[in-house]
Protein chains: 2
Amino acid sequence: MSNYRFQIEQHADMFKALGNPHRLAMFRRLVTCCTPGTVCDPNSTFRYTVSQLGHGLEIAPSTLSHHLKELNRAGLIEMRRNGKIVECWIEPAMLETLRSLFEITPNNQT
Amino acid sequence: MSNYRFQIEQHADMFKALGNPHRLAMFRRLVTCCTPGTVCDPNSTFRYTVSQLGHGLEIAPSTLSHHLKELNRAGLIEMRRNGKIVECWIEPAMLETLRSLFEITPNNQT
DNA sequence: TCTATAATTCGACATATTTCGAACTATAGA
DNA sequence: TCTATAGTTCGAAATATGTCGAATTATAGA
């Protein structure tokens, strides 16, 4: 079953989070298997610290923190403290869910 | 080349448009090849009129119009007047662009 | 031409978002 | 324990968004 209205609201919430240019830039940085000079593994994503994600965006640390919290709340990114820093990454399964919303399918909704 | 900042802002604008539950519901209705009782063609999308898209959403006509204008402005939907009604549909190429933003790739940005 | 239907524009208002600086917490290392 | 680094929380201010009703435009058909 899984309530259609609820699903729509949940997905809208994800897109709203991606609807800010700063947040989208950080998200896109995370949708990455490797960076120049690292070993590439196409089945997992790269990990960045909070301040690495904010690099180049010219926003205050408090704003940066607010945006990442928002991405995390929407279920778009994972975060875990590791000593002094906080690591951020993306779960590939979440990407597949998002891609599926842009696949043309027969319409069987209400 | 194609300015990275500009691209991000353009894409963020699309996601912002999808970030409203009413707009996402209408967009999803359009990401459809057929409805029950119609002939299915997986390579093109179904066309709806403005009021068909608003059906079931319980919003004023002015709000409906505002939302569709927003989706159109962001480049997510096409609209054309056909007599008394306005037809709305989606271009499949646009869907492919959006899907690609959720594919894991090597990072070569700034 | 008159009318009904479909959709848009405009102005107003309530609510949400983005951003910042200041103050705070967490951790590692000297 | 003290200090520096990394990140978060809080409150405030400016701006943007979602929504409506009333008025308007576009079209087809009687």
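Residue indices begin from 1 for each chain and proceed along its sequence in written order. Just so you know, chain letters begin at A and ligand numbers begin at 1, following the order they were written in. With pLDDT at 70 or above as the cut-off, local features in this predicted model cover only qualifying residues; side-chain atom pairs require 80 or more to be listed or tallied, and sums for whole chains, interfaces and linings still use all residues. Water and hydrogen atoms play no part in the side-chain values, which are based on all heavy atoms of the structure.

Peer 1: What should I look at first to understand the pattern of salt bridges in this one?
Peer 2: When the charged atoms of two side chains lie near each other, side chains of opposite charge can form a pair. In what follows, salt bridge is the name for a side-chain nitrogen of Lys or Arg lying within 4 Å of a carboxyl oxygen of Asp or Glu. Using the criterion set out here, one finds 10 salt bridges over all chains in the structure. A salt bridge links Glu103 of chain A to Arg99 of chain B, with the shortest nitrogen-to-oxygen separation between them at 3.7 Å. Of this pair, Glu103 of chain A sits in the segment after α5 (92-100) while Arg99 of chain B sits in helix α5 (residues 92-100), on two different chains. By relative accessible area, Glu103 of chain A is classed as partly exposed at 34%. Accessible area is worked out with a 1.4 Å probe on protein chains only. A residue is then buried under 20% of its type maximum, exposed over 50%, and partly exposed in between. Given the relative accessible area of 15%, Arg99 of chain B is considered buried. Strands are runs of DSSP state E lasting at least two residues, helices are runs of H or I lasting at least four, and both sets are numbered from the N terminus onward.

Peer 1: I'm lost on the packing of aromatic side chains in this one. Help?
Peer 2: Given two aromatic rings, their pairing is described by the distance between the two centres and the angle made by the two planes. Any Phe, Tyr or Trp ring, taking Trp's six-membered ring, that has another such ring centre within 6.5 Å forms a pair; planes under 30 degrees apart are called stacked, those over 60 apart edge-to-face, and the others tilted. Throughout the structure, instances matching the rule amount to 8 aromatic pairs over all chains. The interplanar angle of 65° and the centroid separation of 5.2 Å between the aromatic rings of Phe46 of chain B and Tyr48 of chain B together place this pair among those described as edge-to-face. Counting every residue linked through ring pairs, the aromatic cluster contains Phe15, Phe27 and Phe102 of chain A together with Phe15, Phe27 and Phe102 of chain B. It is Arg47 of chain A that lies over the ring of Trp89 of chain A; its NZ or CZ is 3.7 Å from the centre. The criterion for a charge sitting over a ring is simple: Lys NZ or Arg CZ within 6 Å of the ring centre, and within 35 degrees of the ring normal.

Peer 1: Explanation requested: the protein's contact with DNA strand C in the structure shown.
Peer 2: Any residue with a heavy atom lying within 4 Å of a molecule or strand is counted as near it. Near DNA strand C there are 24 residues, and of these Thr63 and His67 of chain A together with Ser51, Ser62 and Ser65 of chain B occur at the shortest range. By atom count, sugar and phosphate contribute 70% of the portion of DNA strand C lying within 4 Å of the protein. Contact between DNA strand C and Val50 of chain B: a phosphate oxygen at 3.3 Å from a main-chain N or O atom of the residue. Distance and chemistry together define a polar contact, namely a pair of N or O atoms within 3.5 Å, with one atom able to donate a hydrogen and the other to accept it when in protein, and with adjacent residues in sequence counting only for side-chain atoms on both sides. A distance of 3.4 Å separates a phosphate oxygen of DNA strand C from a polar side-chain atom of Lys69 of chain B.

Peer 1: Explain the pairing of strand β2 (residues 78-82) of chain A here, please?
Peer 2: A regular strand places its side chains on the two faces of the sheet in alternate fashion. In this sheet, strand β3 (residues 85-89) of chain A lies alongside β2 of chain A in antiparallel orientation, the contact comprising 5 bridges. Residue pairing for β3 of chain A: Arg80 of chain A is matched across the bridge by Glu87 of chain A. Paired strands are those between which DSSP finds at least two bridges.

Peer 1: Would you mind going over the packing of helix α2 (residues 21-30) of chain A against helix α4 (residues 61-73) of chain A with me for this structure?
Peer 2: Two quantities define a packed helix pair, namely the angle between the helix axes and the distance between the axes. Residue and element names in this part refer to chain A. Fitted lines through C-alpha atoms serve as axes, helices being fitted only where they are in contact, and the angles separating the N-to-C directions of these axes extend from 0 to 180 degrees. Where α2 meets α4, the closest approach of the two axes is 10 Å, and the angle between their N-to-C directions is 65°. Judged by the inter-axis angle, α2 sits roughly perpendicular to α4. Judged by the sense of rotation from one axis to the other, the crossing of α2 with α4 is right-handed. Residues His22, Arg23 and Met26 of α2 form the contact with α4, whose own contacting residues are Leu64, His67, Leu68, Glu70 and Leu71. Residue polarity is assigned by list, with Asp, Glu, Lys and Arg as charged and Ala, Val, Leu, Ile, Met, Phe, Trp, Tyr, Cys and Pro as nonpolar; anything else, Gly included, falls into the polar class. Residue classes in the contact of α2 with α4 are distributed as 4 nonpolar, 2 polar and 2 charged. The scheme is simple: roughly parallel for angles under 35 degrees, roughly antiparallel for over 145, roughly perpendicular for 65 to 115, oblique for anything else. Should the near helix be turned anticlockwise from the far one by less than a right angle, the crossing is termed left-handed; should it be turned clockwise, right-handed. By definition in these notes, contact holds between two residues if any of their heavy atoms fall within 4.5 Å.

Peer 1: What is the right way to look at the environment of Ser51 of chain B in this model?
Peer 2: Residues and elements named next belong to chain B. Mapped onto the elements of the fold, Ser51 is located in helix α3 (residues 50-54). Ser51 gets classed as exposed once you look at its relative accessible area, which sits at 54%. C-alpha separation for the pair Ser51 and Met14, spaced 37 residues apart in sequence, amounts to 22 Å.

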